[in-house]
Amino acid sequence: MAGKLYLCATPIGNLDDITLRVLKALQQVDLIAAEDTRNSIKLLNHFEIKTPMTSYHEYNKIEKAYALVEKMKAGQNIALITDAGTPGISDPGEDLVRICYEEGIEVTSLPGAAACITALTLSGLPTRRFSFEAFLPREKKERTAVLEEMKNDTRTLIVYEAPHHLISTIKDLQSALGERRIAVCRELTKKFETVFRTTFSEAISYYEANGVKGECVIVIEGRDRRELIREQQESWESLTVEEHMAYYTDSGMDRKSAMKQVAKDRGVGKREIYRELYTGGEQA
């Protein structure tokens, strides 16, 4: 019988946040795959866990995934842990999970700490809808594209950042998104945990004057929905109704559906669009 992959969430700072279920799994599996064995050995030693470890990280994630799958096919149960938090969230665990499913290996997740959710709940910003962006790309073209996508997102946004990149990232976010309310969450669950509820401008001034220590999560308010709708309507209203219709019909939409969408875009009734189109005897 094939083994199983256990995704085991580990503490993001405070070791007391580990769950009893995770401790039991780490003790009972045949092997623990860790993002950094030098870091994870401290956790295992703290809880007196003697299970063998092997490395699984960004630079061996595909080749090693297949090696781990072979072990599970042979009957071994394997636990995957990251340096901190839930495996598969902003780390190579997602590739191992995908390959396990492709190879018919069962996967289960043992929930626990996740920095993005911890920061979101501490931020004081809306939590019902949110978008997790992890670390923004370092390559300029890709980074610009991602920031452009974030610009009109009305959901609360969550971004990870290292202390030495925090100021430059906040500047990039401000340039792309405009001034926003944010919460910068540092050293989550640790002794010096801080939640700095501020704005982009204030954060830049503060950290330039005081420096930055500790891993950070930036939680950013989403674009105001009413403002976005108003801006979009103003953009549509710069077109004639005929031009607006052509935008949709040229992409393959039938005239009836296009008329309905144009009315929605412009915030008016469909009859008003009909009258505008067919005044003067224009034929359907």
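Located above this text is the structure these notes cover.
Cut-offs and rules
Residues numbered from 1 in each chain as written. Predicted model: local features only at pLDDT ≥ 70, side-chain atom pairs only at ≥ 80, totals over all residues. Heavy atoms only, no water. Pairing = 2+ DSSP bridges. Helix = DSSP H or I, 4+ residues; strand = E, 2+ residues; numbered from the N terminus. Axes fitted to C-alpha atoms, helices over the stretch in contact; angles between N-to-C directions. Contact = heavy atoms within 4.5 Å. Salt bridge = Lys/Arg side-chain N within 4 Å of Asp/Glu carboxyl O. Buried < 20%, exposed > 50% of the residue type's maximum accessible area, 1.4 Å probe, protein only.

Caption draft 1: Structural context of the sheet that holds strand 3 (residues 53–55). Reading across the sheet, the five strands line up as 3-2-4-1-5 and stay open at both edges, with parallel pairing between neighbours. At either end of the open sheet lies a strand with only one pairing partner, and these are strand 3 and strand 5 (106–110). Put simply, the sheet's adjacent strands are angled 25 degrees from each other on average, direction ignored. Sheet topology note: the strand 1 (residues 4–8)/strand 4 (residues 78–81) ladder contains three bridges and is parallel. Its bridge partner being in strand 4, Leu7 is matched across the sheet by Leu80. In this fold helix 1 (residues 20–28) packs onto strand 1, strand 2 (31–34), strand 4 and strand 5, with an angle of close to 135 degrees to the strand it touches most, strand 5. This element, helix 2 (residues 37–46), spans strand 2, strand 3 and strand 4 of the sheet and lies at about 155 degrees to strand 3.

Caption draft 2: Representation of the pattern of salt bridges in the model. For the structure shown, the criterion picks out 14 salt bridges. Linking Asp95 and Lys61 is a salt bridge whose minimum nitrogen-to-oxygen distance equals 3.5 Å. Here Asp95 is found in helix 4 (residues 93–102), whereas its partner Lys61 is found in helix 3 (residues 61–73), with 34 residues between them in sequence. For Asp95, a relative accessible area of 14% puts it in the buried group. Glu161 serves as the salt-bridge partner of Arg138, at 2.6 Å between the closest nitrogen and oxygen. You can see Arg138 sitting in the loop between strand 6 (130–135) and helix 6 (140–150) and its partner Glu161 sitting in strand 7 (residues 156–161), a full 23 residues away along the chain. Judged by its relative accessible area of 44%, Arg138 is partly exposed. Here the residues in one salt-bridge network are Glu58, Lys61, Asp95, Arg98 and Glu102, joined through shared partners.

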